[in-house]
There are 2 protein chains.
Amino acid sequence: MTGKAPAAPSADASPRRSDTTRACILAAARERFAADGYERATIRAIARDARIDPSMVMRYYGNKEGLFAAATSADLRMPDFTRVPREDVGRVLVTHFLDMWEDGGVLTALLRVALTNQPGAERMRTIFEEQLLPVARAVCPDPAEAPTRAGLCAAQVLGLALTRYVLRFPPSVALTREEVTRWLAPTLQRYLTAERP
Amino acid sequence: MTGKAPAAPSADASPRRSDTTRACILAAARERFAADGYERATIRAIARDARIDPSMVMRYYGNKEGLFAAATSADLRMPDFTRVPREDVGRVLVTHFLDMWEDGGVLTALLRVALTNQPGAERMRTIFEEQLLPVARAVCPDPAEAPTRAGLCAAQVLGLALTRYVLRFPPSVALTREEVTRWLAPTLQRYLTAERP
DNA sequence: TTTGTTGGTCAACGCCTGTTGGCAACGTAA
DNA sequence: TTACGTTGCCAACAGGCGTTGACCAACAAA
């Protein structure tokens, strides 16, 4: 059972001649998904951007869902919040999310797709659950409240991303990173560490 | 120029025999747009829900964009914030938005569509600009800062709607209206009335 | 050189989409 | 009754979609 598919991830380090092509496809896919959402980001358009034939996409990623999954393997790369002073949690969280969101458009693509695509929404939920929930558990007063507090933070962070990077509301776009941090950090700090209102 | 199209809005009160059908189409369209987004809400599916022929949709609303525009004529119905005590604006704003969002799914449809559809995004922006900005202007310390403050409120409100009504993050869904108000009201209050940080 | 694997193109498939025009049934005013 | 505008269904169109399989070129091992 050596497998016919050349895409089989047999070992981790298996440099193939087609790696550059694969990377081109993924980059084009990320851009298209981020710009157009799942339905309007057609395989044909992605292939055109990557200057290859649409059938290559199918060969390397199976189908459109596989391509999407490969193009949006997001990792929020959370820092270790047990080492962050408790009163700085809000600020660190905001700056970290700004970093993540402005890097490569993976999260923008994920957000756009999550809105019209059930698996996309599920993945978004998983990402935030796996990566934001532990932060809340580490710093909030009662661990039982961690999901609620993480959810509130997710709402605020995603709302800013929505208005700033997707809908592009002018006031939200005009804010500098500094200003975003000054406004949002106290909010997240309160959601995470304040007594339940 | 009497117009061939029976859909011509000549007068405001022109009861037609087809009014119930038109209403059925709009209701079905709102549901489909809210559930599936713009691309996947097909005219055929909407017509099936309304138990009529797809061509009727075209006759009454011209094309798909016209149908969408008719189905999502949103009005946030803002109360008069000059009569609200200054320290209550956050709370009133949250409860009002919860009311709006849980009524009929118009806003959910609009949000879903705005994410993958340029005119949809533009309309969302317009709605918030026309209706949230005056509120900010009425209550914030420096009117020049009103757009920024309205934008921050929009981010928080849309973020909650996103996680609660669209992505359905469990912690966000589990919150009661009471809890949402208690958590979010102070945030909006600060965004609107606090000194610039 | 031969042989087999990989990288890539081409043409086509079946399906679904938004949209159109023709045609029958109904209701109403003359 | 006749004439006409409205309401509705039906069948079809052109085009785009995801997906498939046959086929050629380049390379690597024998």
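Starting afresh in each chain, residues are numbered from 1 along the sequence in its written order. Here chains are named by letter from A upward and ligands by number from 1 upward, in the order in which they appear as written. Residues qualify for local features only when their pLDDT is at least 70, as the model is predicted, and side-chain atom pairs are given and counted only at 80 or more; totals for whole chains, interfaces and linings, by contrast, use all residues. The side-chain quantities take in all heavy atoms of the structure and omit both hydrogens and water.

## A closer look at the overall build of chain A
This is how it is decided: By the criteria applied, helices consist of DSSP H or I runs no shorter than four residues and strands consist of E runs no shorter than two, each listed in order from the N terminus. Summary of the burial criterion: residues with accessible area below 20% of their type's maximum are buried, those above 50% are exposed, and those between are partly exposed, where the area comes from a 1.4 Å probe applied to protein chains only.
The secondary structure content of chain A amounts to 10 helices and zero strands. Along chain A, from the amino end to the carboxyl end, the secondary structure elements read α-α-α-α-α-α-α-α-α-α. Once the C-alpha set of chain A is aligned to its principal axes, its extents read approximately 55 × 45 × 25 Å. Burial status across chain A gives 50% buried among its 197 residues.

## Some details on the protein's contact with DNA strand C
This is how it is decided: Think of it this way: one heavy atom of a residue within 4 Å of a molecule or strand is enough to make that residue near it. In protein, a polar contact requires one atom able to donate a hydrogen and another able to accept it; more generally it is a pair of N or O atoms within 3.5 Å, and residues adjacent in sequence count only if both atoms are side-chain atoms. Residues are grouped as follows: Ala, Val, Leu, Ile, Met, Phe, Trp, Tyr, Cys and Pro are nonpolar; Asp, Glu, Lys and Arg are charged; every other residue, Gly included, is polar.
Among the 20 residues in the neighbourhood of DNA strand C, the closest are listed as Ser18(A), Asp53(A), Arg59(A), Arg44(B) and Lys64(B). The share of sugar and phosphate among atoms of DNA strand C within 4 Å of the protein is 50%. Here Tyr60(A) contributes a side-chain N or O atom positioned 3.5 Å from a phosphate oxygen of DNA strand C. A distance of 3.2 Å separates a phosphate oxygen of DNA strand C from a polar backbone atom of Ile43(B). Broken down by secondary-structure element, the contributors of at least two residues to the surface near DNA strand C are helix H3 (54-61) of chain A together with helix H2 (43-49) and helix H3 (54-61) of chain B. Top contributing element to the surface near DNA strand C by residue count: H3(A), with four residues. Its residues assigned to classes, the surface near DNA strand C comprises six nonpolar, six polar and eight charged.

## Focus on H3(A)
Residues and elements named next belong to chain A. The cut-off we apply is this: The directions considered for the arc are those from the helix axis to the C-beta atoms. The contact definition used throughout considers only heavy atoms, calling two residues in contact when any of these lie within 4.5 Å.
Within H3, burial applies to Val57, Tyr60 and Tyr61. End-on view of H3: buried residues confined to an arc of 75 degrees, all on one side of the axis. Buried residues belonging to H3 abut helix H1 (19-40), helix H2 (43-49) and helix H4 (64-71). Looking at the residues trailing H3, positive phi occurs at Gly62, about 80 degrees.

## Quick look at the protein's contact with DNA strand D
Around DNA strand D, a shell composed of 19 residues is seen, among which Thr42(A), Arg44(A), Ser18(B), Asp53(B) and Arg59(B) lie nearest. Contact between DNA strand D and Ile43(A): a phosphate oxygen at 3.2 Å from a main-chain N or O atom of the residue. For DNA strand D, a phosphate oxygen lies 2.9 Å from a polar atom in the backbone of Asp53(B). Of all the secondary structure elements, the ones that give two or more residues to the surface near DNA strand D are H2 and H3 of chain A together with H3 of chain B. In terms of residue count, the dominant contributor to the surface near DNA strand D is H3(B) (four residues). Tallied by class, residues from the surface near DNA strand D come to six nonpolar, six polar and seven charged.

## What to know about the nonpolar core
The cut-off we apply is this: To form a nonpolar core, buried Ala, Val, Leu, Ile, Met, Phe, Trp, Tyr and Cys residues must be joined to one another through side-chain atoms within 4.5 Å.
Membership of the largest hydrophobic core comes to 140 residues, with the highest contact counts inside it found for Phe33(A), Met124(A), Phe33(B) and Met124(B). Discounting chain neighbours no more than four positions away, the residues touching Phe33(A) are Tyr38(A), Ala41(A), Ile46(A), Lys64(A), Leu67(A), Phe68(A), Ala109(A), Arg112(A) and Val113(A).

## A word on the interface of chain B and chain A
To keep things clear, this is the line we draw: When two components associate, each loses some accessible surface as probed by a 1.4 Å sphere; the sum of these losses over both components is called the buried area. The term salt bridge refers to a side-chain nitrogen of Lys or Arg lying within 4 Å of a carboxyl oxygen of Asp or Glu.
Contacts between chain B and chain A engage 43 residues on the former and 44 residues on the latter. Both faces considered, chain B and chain A share a buried interface measuring about 3800 Å² in area, 72% of it formed by carbon and sulfur atoms. Where chain B meets chain A, there are two salt bridges. The tally of links from chain B across to chain A stands at 14 residue pairs in polar contact (both at pLDDT 80 or more). Those elements giving two or more residues to the side of chain B that touches chain A turn out to be helix H1 (19-40), helix H6 (106-114), helix H7 (118-139), helix H8 (146-166), helix H9 (170-174) and helix H10 (177-193) of chain B. Per-element tally for the side of chain B that touches chain A: the top contributor is H8(B), with 14 residues. Of the residues contributing to the side of chain B that touches chain A, the split by class is 24 nonpolar, nine polar and 10 charged.

## Overview of the UniProt feature "DNA-binding region" (unreviewed entry) in chain A
Worth spelling out the cut-off: UniProt positions are given in the numbering used here, feature names are shortened, and annotations may be inferred rather than shown by experiment.
UniProt records the feature "DNA-binding region" (unreviewed entry) for residues 42-61 of chain A in the present numbering. Structurally, residues 42-61 of chain A comprises 75% helix and 0% strand, and the distance from its first C-alpha atom to its last is 14 Å.

## Observations regarding the packing of helix H6 (residues 106-114) of chain A against helix H7 (residues 118-139) of chain A
Residues and elements named next belong to chain A. So the rule is basically this: For helices, the fitted axis covers only the stretch in contact; all axes are lines through C-alpha atoms, and the angles between them, taken along N-to-C directions, range from 0 to 180 degrees. In these notes the angle categories are as follows: under 35 degrees is roughly parallel, over 145 is roughly antiparallel, 65 to 115 is roughly perpendicular, and the rest is oblique. It is the rotation of the near helix from the far one that decides the hand of a crossing: anticlockwise by less than a right angle makes it left-handed, clockwise makes it right-handed.
Here H6 crosses H7 at 130 degrees, and the two axes come no closer than 7 Å. When the interaxial angle is binned, H6 and H7 end up oblique. Every pair of crossing elements has a handedness; the one defined by H6 and H7 is left-handed. Of the residues in H7, those touching H6 at Leu110, Leu111, Val113 and Ala114 are Gly120, Ala121, Arg123, Met124 and Ile127.

## So, the environment of Pro171(A)
One can find Pro171(A) in helix H9 (residues 170-174). Assessed through its relative accessible area of 22%, Pro171(A) is described here as partly exposed. As a C-alpha pair, Pro171(A) and Asp99(A) span 72 residues in sequence and 20 Å in three-dimensional space. Look past the residues within four positions of Pro171(A) in its chain and what remains in contact with it is Pro147(B), Thr148(B) and Gly151(B).

## Digging into the domain arrangement of chain A
Residues and elements named next belong to chain A. The line we're drawing: Residue ranges labeled as domains rest on an automatic or database domain assignment.
Taken domain by domain, chain A consists of domain 1 (19-71) and domain 2 (81-193). Taking the mean C-alpha position of each, domain 1 and domain 2 sit 27 Å from one another. Listed per partner, the contact involves 12 residues of domain 1 and 13 residues of domain 2. Carbon and sulfur atoms make up 62% of the area that domain 1 and domain 2 hide from each other, which totals about 860 Å². Our count for the domain 1 to domain 2 interface comes out at zero salt bridges.

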